[in-house]
Amino acid sequence: MLRFASPYFLFLMLLLPAIVWHRYRRHRTPTMANSALFPAAGIPASPALRLHRLVPAIKYTVLCLMVLALARPQWGTERTEVLTEGVNIVLALDLSESMAALDFKKKGRVVNRLEAVKEVVQEFVSKRSGDRIGMVVFGTHAYTQLPLTRDYNTMVSILDRLEIGAAGKSTAIGDAIGISLKRLADIESKSNIIILLTDGQSNAGELSPDTAGEIAAQKGVKIYTIGVGTRGKAPFLVKDPLFGERYVYQQVNIDEDVLRAIADKTGGLYFRAENIEGLQRIYDTIDAMETTAVKVDIFAEYNEIYPWLLIPALIMLPLYVILRNTRYLIIP
């Protein structure tokens, strides 16, 4: 990795265009002294004349190299080592077809529920440090999208590729909790939490939400449940073979009693998010509640590479001085 130990010296580079412009103004009117340097039409330029045209370039190259050397470029590596366990977090996200409801607004633009959730979850992940985070998605079925990891960049990339209906049309809340508990059992931690987000009622799966909540409570896993979506009917964009695309309003119900019971059993909290701002506040609240002191050691090893710039500059500078004071001496 390249870095500059004294980057403020790079501002001196801004002076070089001014120096070139000043030189151009001084010499833009030909004089008898320098007219002899330009041969008449049809006469090829001598090697000495070609070299003369390169003399100013030598000067500016020396200046650039010296400025870069003053900024002290360094090349090396930096390694970060996390010395604490942090929190194990599993994000359980609903991908059922009801997540296609268009009842959220993002920067004045109407978006579906999943798109709104993606943005907020990405920001939540970016704020965590030292925690292992995994992802479980569910619809008719529940499966692991990403095991517990500290590779947040990979998580954000996978999150961005989630699609509605990828796990089926229905909603298996109990199975989602069960798979999340399995992922938390992979790596031991003093604190394990599940953040379950859904916009419907559990109507699929082998494990009931109540049973899943009891198992989580026995294992000491805290579950935060989030019901997302407006109340009543929500608009959906459907493609009709006869009439083309049109909006249809459908009733979407969230089983808030079940979600609240799961949170109460496990020591978590239930939230309801009806807009993207409310969803943001919910994740901010969870982020503030589930914190750990993370101790981080940073190891860095850098080698100075400014001599590779300074040495050529010191070689070229005497060459420029000799040329300007001998063969290419400029007489005022």
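As a reminder, the structure under discussion sits directly above these lines.
Criteria and thresholds
- Residues numbered from 1 in each chain as written.
- Predicted model: local features only at pLDDT ≥ 70, side-chain atom pairs only at ≥ 80, totals over all residues.
- Heavy atoms only, no water.
- Salt bridge = Lys/Arg side-chain N within 4 Å of Asp/Glu carboxyl O.
- Helix = DSSP H or I, 4+ residues; strand = E, 2+ residues; numbered from the N terminus.
- Buried < 20%, exposed > 50% of the residue type's maximum accessible area, 1.4 Å probe, protein only.
- Axes fitted to C-alpha atoms, helices over the stretch in contact; angles between N-to-C directions.
- Parallel < 35°, antiparallel > 145°, perpendicular 65-115°, else oblique.
- Left-handed = near helix turned anticlockwise from the far one by under 90°.
- Contact = heavy atoms within 4.5 Å.
- Nonpolar A, V, L, I, M, F, W, Y, C, P; charged D, E, K, R; others polar.
- Core = buried A, V, L, I, M, F, W, Y, C linked by side-chain atoms within 4.5 Å.

**Looking at the pattern of salt bridges**
Line of reasoning, step 1. Applying the stated criterion to the full structure yields 16 salt bridges.
Line of reasoning, step 2. Between Lys106 and Glu115 there is a salt bridge, with the nearest N and O atoms lying 3.9 Å from each other.
Line of reasoning, step 3. The partner of Arg260 in a salt bridge is Asp257, with the nearest N and O atoms 3.8 Å apart. With a gap of 3 residues between them, Arg260 and Asp257 both fall in helix α8 (residues 256-266), about one helical turn apart.
Line of reasoning, step 4. By relative accessible area, Asp257 is classed as exposed at 59%.
Line of reasoning, step 5. Through salt bridges that share partners, Lys106, Arg109, Glu115 and Glu119 make up one connected network.

**A few points about the packing of helix α4 (residues 113-127) against helix α9 (residues 276-289)**
Line of reasoning, step 1. Two numbers describe how α4 lies on α9: the axes approach to 10 Å, and their chain directions differ by 25°. Between α4 and α9, the crossing angle belongs to the class labelled roughly parallel. Considering how the two elements wind past one another, α4 and α9 form a crossing that is right-handed. Residue-level inspection shows Ala116, Val117, Glu119, Val120, Val121, Glu123, Phe124 and Lys127 of α4 in contact with α9, the latter providing Ile276, Leu279, Gln280, Tyr283, Asp284, Ile286 and Asp287.
Line of reasoning, step 2. Of the residues belonging to the contact of α4 with α9, the class tally is 9 nonpolar, 1 polar and 5 charged.

**A short note on the environment of Lys239**
Line of reasoning, step 1. Residue position: Lys239 is located in strand β10 (residues 233-240).
Line of reasoning, step 2. Among the residues examined, Lys239 registers a relative accessible area of 70% and is labelled exposed.
Line of reasoning, step 3. Setting aside anything within four residues of it in sequence, one finds Lys239 in contact with Gly244 and Glu245.

**Points about the side chain of Ser96**
Line of reasoning, step 1. Mapping Ser96 onto the fold places it in the loop between β3 (88-94) and β4 (104-106).
Line of reasoning, step 2. In this view, Ser96 contacts Phe138, Ile164, Gly168, Lys169, Ser170, Thr171 and Asp199; residues no more than four positions away in its chain are not counted.

**Describing the nonpolar core**
Line of reasoning, step 1. The biggest cluster of nonpolar side chains holds 37 residues, and the ones touching the most others in it are Leu91, Ile195, Leu197, Ile226 and Tyr283.
Line of reasoning, step 2. If you tally residues by element for this core, the top one is α4, at 7 residues.
Line of reasoning, step 3. When near neighbours in sequence (up to four residues on either side) are disregarded, Tyr283 contacts Leu93, Val120, Val121, Phe124, Ile195, Leu197 and Ile226.
Line of reasoning, step 4. In terms of nonpolar packing, the next biggest core, distinct from the first, is built from 23 residues, Val136, Leu181, Ala212 and Ile223 among them.

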